[in-house]
Amino acid sequence: MKSTGQIKAGTVSEQMPSKEGCVTPLVQPWPLAGNIGRTALGEILSGDGAYVTDAHGRRLIDGPAGMWCVNAGHRNSALADALRDQAMQLTYTSPWYTSNNPAEKLAEMLSDRAPGDLKHVFFTTGGSSAVETALRLMQFYNNVRNRPEKKLIVSRQGSYHGSTYLSASLNGRPRDLDWMDDASVLCRKLTGPNPFHRPAALSIEAFEDFLEAEFRTMISQEGADRIGAFIAEPIQASGGVLVPTPRYLERMRAICTEHDILFIADEVVTAFGRLGHIFASKDVFAIQPDMITFAKGVTSGYFPLGGVMISRRIFEELRRSNHSDAMFAHGFTYSSHPIGCAVAIRNIELLEDGILEHVRAIAPYFQKRLKSLESLALVGEVRGAGLMAGIECVADRKSKNPLQLDLEVGKRIDKHCQELGLLVRPLINMCVMSPPLVITTDQIDDLVEILRQGISNTMDDLVREGLWNG
Ligand SMILES: Cc1ncc(COP(=O)(O)O)c(C=O)c1O
């Protein structure tokens, strides 16, 4: 079935409107000014494995695993025990003037598992603070090395790196910065490696050549001595699960090496099992980053924790500095939090005790089943890797026109799916699937069939409302 239809533009909002006049003290992320303080999102009461239960008593497959984070699944008693046991043993100790056993042990485990010489780890409170830490470390590194001009940070369109000022300044998704200030003097953006939306005349190979040439042109225009870091999600997750062209990351890595630009892999989503490995940079994409940022799946969402893996080379160069007073004045009250670290240790044990293997075995089935949704006229592309996938809806497959669509299409699909038993992560005209890694083949079948029905119902609605002519 092929669509040539057009859909009229609708309104944009990240959150469902509240009931008329309903004012809520709780402010949730990404509110619209016109609805701020009045958004009431559906409450989730409990979770179990790959499922959550909402306030209406509906049992839903947790399609996005919270926010790509509940990797080991909900209500895992081993993780709950690790959390409780550590809280009863030692709740907290200051990372400024003490250390603690879970943090030391987790650092060892991560240092053993991270690729190459990524032997050091700095723990943070989540993904944004991990990215912020990597960027501030790059700035410090270049100050100490007497290269104070080498500070520009290069990111890509379609990226998401966080909500702190500097990390947010690197975001490249449509609308993220429209009404927000950013540190644009420090940041530059390249075209994202989005094969689906590449210029129609370019083959995949020619598109990769273009992306490489664009980076090289930027470097020659800005000057390599002014660019400190390149930051990339191996798969752009919140941008719609954009899997790069095959050699793209290797080629960008090579350019960074050539120009002494630090390559930061933002693995906040891709690490800890989502792609079947603890870290994906080397095992999946064959690249050796200078730093890897991580969060989310490190604790399967049972405790807020993030961190940065840092190359031994960076630390050796810092130690060689002759600025004995130079201090990396950076850290968080909850850096190296003993409870978060204890949960992460147990979580890694669980991942290595079968979950990673399960992901590697089941991922082809997950991708194949979801790909079958491309038979629906509204679906332009289904793409993904491991247990993450993006379903992109288009008004017209020929022009791949996404945003002439009703911009609430993802939300419309989510609404139907919730009625049928599936929680979807709607992203404008896309739906993102990244279920708990413990999902079974039967549950994948249910997920795909509910999604198919949810998209079909949405297509019927759009036609009935005169927004799309199929
Ligand atoms: C790739 C990536 N980096 C950073 C972040 C920010 O993480 P957090 O929300 O934990 O601050 C996210 C969040 O979704 C992310 O997907």
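For the structure itself, look to the data block above.
Now for a look at the structure at hand. (Residues numbered from 1 in each chain as written. Predicted model: local features only at pLDDT ≥ 70, side-chain atom pairs only at ≥ 80, totals over all residues. Heavy atoms only, no water.)

**Digging into the sheet that holds strand β15 (residues 430-433)**
A sheet is described by the order of its strands in space; here four strands give the open sequence β11-β12-β15-β14, paired in antiparallel fashion. Since the sheet does not close on itself, it has two edges, and those belong to β11 (379-385) and β14 (425-427), each with one partner. When strand polarity is set aside, the average angle formed by the axes of neighbouring strands in this sheet is 20°. Where β14 lies against β15, three bridges are found, and the strand directions are antiparallel. By the bridge assignment, arginine 425 is partnered in β15 with valine 432. (Pairing = 2+ DSSP bridges. Helix = DSSP H or I, 4+ residues; strand = E, 2+ residues; numbered from the N terminus. Axes fitted to C-alpha atoms, helices over the stretch in contact; angles between N-to-C directions.)

**Examining the environment of glycine 307**
Topologically, glycine 307 is positioned in strand β10 (residues 306-311). Here glycine 307 is in contact with Phe122, Phe123, Thr124, Ala130, Ile292, Thr293 and Phe294, once residues within four sequence places are set aside. (Contact = heavy atoms within 4.5 Å.)

**Description of the sheet that holds strand β3 (residues 59-62)**
The strands that make up a sheet pair up through hydrogen bonds in the backbone, lying either parallel or antiparallel. Here four strands make up an open sheet; going across it, the order is β1-β2-β3-β13 and the pairing mixed. This sheet does not close on itself; its edge strands, each paired only once, are β1 (44-48) and β13 (422-423).

**With respect to the pairing of β15**
Side chains of β15 alternate between two faces, with Met430 and Val432 and Cys431 and Met433 buried alike. Sheet analysis places strand β12 (residues 388-393) next to β15, joined by four bridges and oriented antiparallel. By the bridge assignment, glycine 390 is partnered in β15 with valine 432. (Buried < 20%, exposed > 50% of the residue type's maximum accessible area, 1.4 Å probe, protein only.)

**A look at the site of the ligand**
Residues in contact with the ligand, as listed here, are Gly126, Gly127, Ser128, Tyr160, His161, Gly162, Glu233, Ser238, Asp266, Val268, Val269 and Lys296. For the ligand, a nitrogen atom lies 2.7 Å from a polar atom in the side chain of aspartate 266. At 3.0 Å from an oxygen atom of the ligand is found a side-chain nitrogen or oxygen belonging to lysine 296. Here the ligand loses 83% of its free accessible area of 390 Å² to cover by the protein chains. When its residues are assigned to classes, the shell around the ligand shows three nonpolar, six polar and three charged. (Near = heavy atom within 4 Å. Polar contact = N/O pair within 3.5 Å; in protein donor to acceptor, adjacent residues only side chain to side chain. Areas by Shrake-Rupley, 256 points an atom, 1.4 Å probe, with all protein chains shown as cover. Nonpolar A, V, L, I, M, F, W, Y, C, P; charged D, E, K, R; others polar.)

**Observations regarding the nonpolar core**
Core analysis: the largest hydrophobic core is formed by 98 residues, its most contacted members being Phe230, Leu370 and Leu451. With 14 residues, the single largest contributor to this core is helix α9 (residues 338-371). The contact partners of phenylalanine 230, leaving out residues within four places of it in the chain, are Val154, Arg156, Leu190, Phe215, Tyr248, Met252, Cys256, Ile261, Leu262, Phe263 and Ile264. (Core = buried A, V, L, I, M, F, W, Y, C linked by side-chain atoms within 4.5 Å.)

**A few points about helix α6 (residues 204-222)**
Its 19 residues place the ends of α6 27 Å apart at the C-alpha level, agreeing with the 27 Å of an ideal helix rising 1.5 Å per residue. Of all the residues in α6, the buried ones are Phe207, Glu208, Leu211, Glu212, Phe215, Met218, Ile219 and Glu222. Buried residues in α6, looked at end-on, bunch into an arc of 140°, giving them a common side. Of the exposed residues in α6, the ones pointing more than 90 degrees away from its buried face are Glu205, Ser220 and Gln221. Residues of α6 that are buried in the fold lie against β5 (152-156), β6 (187-190), β7 (227-232) and α7 (248-258). Just past α6, the residue glycine 223 takes up positive phi, approximately 95°. (Expected span 1.5 Å × (residues − 1). Arc of directions from axis to C-beta.)

**Comments concerning the pattern of salt bridges**
The full count for this structure, using the stated rule, is 27 salt bridges. Glutamate 352 serves as the salt-bridge partner of arginine 113, at 2.6 Å between the closest nitrogen and oxygen. Of this pair, arginine 113 sits in helix α3 (residues 101-113) while glutamate 352 sits in helix α9, and the two are 239 residues apart along the sequence. Residue classification places arginine 113 among the partly exposed residues on the basis of a relative accessible area of 29%. Residue glutamate 352 is classed as partly exposed on the basis of its relative accessible area, which comes to 40%. We note a salt bridge from arginine 145 to glutamate 317, for which the minimum N-O separation is 3.2 Å. (Salt bridge = Lys/Arg side-chain N within 4 Å of Asp/Glu carboxyl O.)

**Digging into the packing of helix α2 (residues 77-89) against α9**
Two numbers describe how α2 lies on α9: the axes approach to 8 Å, and their chain directions differ by 150°. On the basis of their axis angle, the class for α2 and α9 is roughly antiparallel. Our pair here, α2 against α9, has a crossing hand that is right-handed. Counted together, Ala78, Leu79, Ala82, Leu83, Gln86 and Ala87 of α2 and Pro338, Ile339, Ala342, Val343, Arg346, Asn347 and Leu350 of α9 form the full contact between these two elements. Considering only residue class, the contact of α2 with α9 consists of 10 nonpolar, two polar and one charged. (Parallel < 35°, antiparallel > 145°, perpendicular 65-115°, else oblique. Left-handed = near helix turned anticlockwise from the far one by under 90°.)

**Side note on the packing of helix α4 (residues 127-144) against helix α8 (residues 312-319)**
For any two helices packed against each other, one specifies the crossing angle of their axes together with the interaxial distance. Between α4 and α8, the shortest axis-to-axis distance is 9 Å and the interhelical angle comes to 40°. It follows from the interaxial angle that α4 and α8 lie oblique. In this structure, the crossing between α4 and α8 has a hand that is left-handed. Contact residues: Leu137, Phe140, Tyr141 and Val144 in α4; Arg313, Ile314, Phe315, Glu317 and Leu318 in α8.

**Section: the side chain of arginine 383**
For arginine 383, the position within the fold is in strand β11. Accessibility expressed as a relative area gives 8% for arginine 383, which makes it buried. A polar contact is formed between the side chain of arginine 383 and the side chain of glutamate 392, at a distance of 2.8 Å. Leaving out residues up to four positions away in the same chain, arginine 383 has contacts with Phe196, Gly240, Val241, Leu242, Gln367, Met388, Ala389, Gly390, Glu392 and Met430.

**Focus: the packing of aromatic side chains**
By the definition in use, this model includes 10 aromatic pairs. Seen from their ring centres, tyrosine 92 and tyrosine 334 are 5.8 Å apart, and the 90° between their planes marks the pair as edge-to-face. In this pair, tyrosine 92 is assigned in the loop between α2 and α3 and tyrosine 334 in the loop between α8 and α9, connecting sequence segments 242 residues apart. Overall, the relative accessible area of 31% leaves tyrosine 92 in the partly exposed class. On the basis of relative accessibility, which here comes to 48%, the residue tyrosine 334 falls in the partly exposed class. Arranged with centres 6.4 Å apart and planes meeting at 10°, the rings of phenylalanine 207 and phenylalanine 210 form a pair that is stacked. Separated by three residues within a single helix, phenylalanine 207 and phenylalanine 210 lie in helix α6, roughly one turn from each other. Through successive ring pairs, a cluster of aromatic residues spans Phe122, Phe140 and Phe328. Its end group placed over the ring of tyrosine 51, arginine 59 keeps NZ or CZ at 3.8 Å from the ring centre. (Phe/Tyr/Trp six-rings, centres within 6.5 Å; stacked < 30°, edge-to-face > 60°. Lys NZ or Arg CZ within 6 Å of the ring centre and 35° of its normal.)

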